[in-house]
Amino acid sequence: MASRRYGIFAVDDSLLALDIECLREVVPCPVLNTMPGRHPALKGCFSLRGVLIPVIDLRDLMSAGSESAILDNVVVVTTRNRVLGLLASDVQQVVDCEAQLVVDSDKEHIITGGFTLPGEQRPVSVIDADRLCALPGIPVTEQGQAKPDMADNNTIGSTIHHLMLMSSGGVPLAIDATVVHTIILNPVIESSPIKSGFCLGIIRYQNLRIPVLSLLGALGIDQPGAPPRQAFVIRYDDCYLAFTVENIFDVVKLEQFHPMPLPARSFKEAANFIGVVSVRDLPVDTLGINGDSQQHFLLIADTQLRNRQTLRDIAHITMPDKAAQADTLQAADGSGGKQTLHVLTVDVNGEIACRVDQVLQILPWSEGKLLTCSGGKQAGLVVSREQAIPTFCLSSVLGVAQSPVSNTASILVVQTECGIVGFSVPRLITIDNGRPIPQAESSSTSDEKAWVADAASGHVSLQTAHGPRLLTLLDLQKLGQYCLSQ
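This report concerns the structure included in the present document. (Residues numbered from 1 in each chain as written. Predicted model: local features only at pLDDT ≥ 70, side-chain atom pairs only at ≥ 80, totals over all residues. Heavy atoms only, no water.)

Here we come to the overall build of the protein. Helix and strand counts for the protein come out as eight helices and 34 strands. Out of the 486 residues in the protein, the part that is buried amounts to 50%. In the protein, 64% of the contacts between residues at least 6 apart in sequence involve partners at least 24 apart. Accessible surface for the protein amounts to roughly 22,900 Å². Of this, 50% is attributable to carbon and sulfur atoms. (Helix = DSSP H or I, 4+ residues; strand = E, 2+ residues; numbered from the N terminus. Buried < 20%, exposed > 50% of the residue type's maximum accessible area, 1.4 Å probe, protein only. Contact = heavy atoms within 4.5 Å. Areas by Shrake-Rupley, 256 points an atom, 1.4 Å probe, with all protein chains shown as cover.)

It is worth spelling out the environment of R280 at this point. Residue placement: R280 occurs in the loop between β22 (273–278) and β23 (296–300). With relative accessibility at 62%, the residue R280 sits in the exposed group. Taking the C-alpha atoms as reference points, R280 and H296, separated by 16 residues in sequence, lie 8.8 Å from one another.

Turning our attention to the side chain of T244. Within the secondary structure, T244 sits in strand β19 (residues 239–245). Overall, T244 belongs to the buried group, its relative accessible area being 6%. Those residues in contact with T244, other than ones at most four positions away along the chain, are S168, I189, L200, V212, L213, S214, L215, P228, Q230 and A231.

Another point: the sheet that holds strand β14 (residues 171–176). Strand order across the open sheet formed by five strands is β20-β13-β14-β23-β22, with mixed pairing between neighbours. Of all the strands in the sheet, the pair left with one neighbour each is β20 (247–254) and β22. Pairwise comparison of adjacent strand axes, ignoring direction, gives a mean angle of 30° for this sheet. Where strand β13 (residues 161–168) meets β14, six bridges bridge the pair, whose relative direction is antiparallel. (Pairing = 2+ DSSP bridges. Axes fitted to C-alpha atoms, helices over the stretch in contact; angles between N-to-C directions.)

Residues three or four positions apart in an α-helix share a direction because the helix packs 3.6 residues into each turn. Taken together, the buried positions of helix α8 (residues 476–485) are occupied by L476, L479, G480 and C483. Seen end-on, α8 carries its buried residues on one side only, within an arc spanning 100°. One side-chain oxygen at the N-terminal end of α8 lies 3.2 Å from the backbone nitrogen of Q477; it belongs to D475. (Arc of directions from axis to C-beta. Polar contact = N/O pair within 3.5 Å; in protein donor to acceptor, adjacent residues only side chain to side chain.)

Glancing now at the side chain of T79. Note that T79 resides in strand β6 (residues 73–79). One polar contact links T79 to D130, side chain to side chain, over a distance of 2.4 Å. Excluding residues within four positions of it along the chain, T79 makes contact with C22, A129, D130 and C133.

All right, on to the pattern of salt bridges then. Oppositely charged side chains may form a pair once their charged atoms are brought near each other. One pass over the full model with this rule turns up nine salt bridges. Among the salt bridges present, the one from D130 reaches R80, with a minimum N-O distance of 3.2 Å. Placement of the pair is D130 in helix α1 (residues 129–133) and R80 in the loop between β6 and β7 (82–88), with a sequence separation of 50 residues. Using a relative accessible area of 26% as the deciding quantity, one classes D130 as partly exposed. (Salt bridge = Lys/Arg side-chain N within 4 Å of Asp/Glu carboxyl O.)

So, in structure tokens, the structure goes:
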């Protein structure tokens, strides 16, 4: 090898060198964010001036050596517009010397030369930056790749964007909320002949049997997820697909933002993603990120998700749920021709239902969102859309003990004749269609509870896989008007 200039850095007790033209800079190692990938050397990623830097630990590529030292620096390597970070103990010096060529037949071997440090007897191994950035399974950032054209994805083509934030298998994800038809909070997945691969079976929704897929599987991420707790539905022409996740925790409104491009070779199907959204672009009170070390969300390319032919073919397996349709027709005949009700069921020390069309907005509920907290029935004030909303604890208003607060705890915002009011509930359960049940004459109650009994005098029948079940149908508008008039 001809004489060249090298930057020398240490990894435990090993000295390594990079051509100085490829060693862009050295920075203190920040907290690394998780990154999908199975290569043992991949330790995570971080953002450096808007560029996502995947970070690897070279010790996982070495055949021997100590792992006692703390690697608290990152050597940023750049070659052919590709960028990668290497964990290092420290940076030693820059030297001019001639390295001896290391000949090998394995083109994946990253050490291509070596020399002895001038004035010492310590060997230094020279790393080939091109080979390093070409290792299979190691993601790198392509600096030269074009910024994504967000106008084609309905995500960044306008001034205001609404993103639904979620997680599955430990992978933080985001998608344009406007493409989501509905959210199913506790999906009941039934086995089906179509079950295979990432297709989990079917769910019943609006008199239909809809194929349900693992979102991670549909995106080409092999990382296994926990049993699905929530799902969202996307419409494909006149058909539907449901995608399961572990947790859907917020929908946020953003102004203009610019996702960071993804590293090359990060995923089997890179076209499924637009880029990475930083928490710096999110509102400071976004539920689920406060106190969490996670700093980025993978932004799903919803256009790809809706247009991929494989998924469209699966969506067309959507079939009518004949049993539910028969029940709906029977219900209409037996209730004076009334239409079925679209209801939201919630947990207030037991499951009750309320009409979806009475709910103006659903806000994530956390104590930090309340401006005041006087205890008792009135929980305090919550601010949304530049409006202070008086908020009441629904369990306290109904006179029942409150269930434990869950990750779907929410505030249901309702418009009444007396103004807007919110009701906090510890858990959302599901959105469903139900049959209203004609009411018998109500029994007399004390004056103190008469208004509560009046608001909770209705009932609705929901069809389940195990037969119909009867729930109290709560009139939130009537209840809210009573609360505000006290």
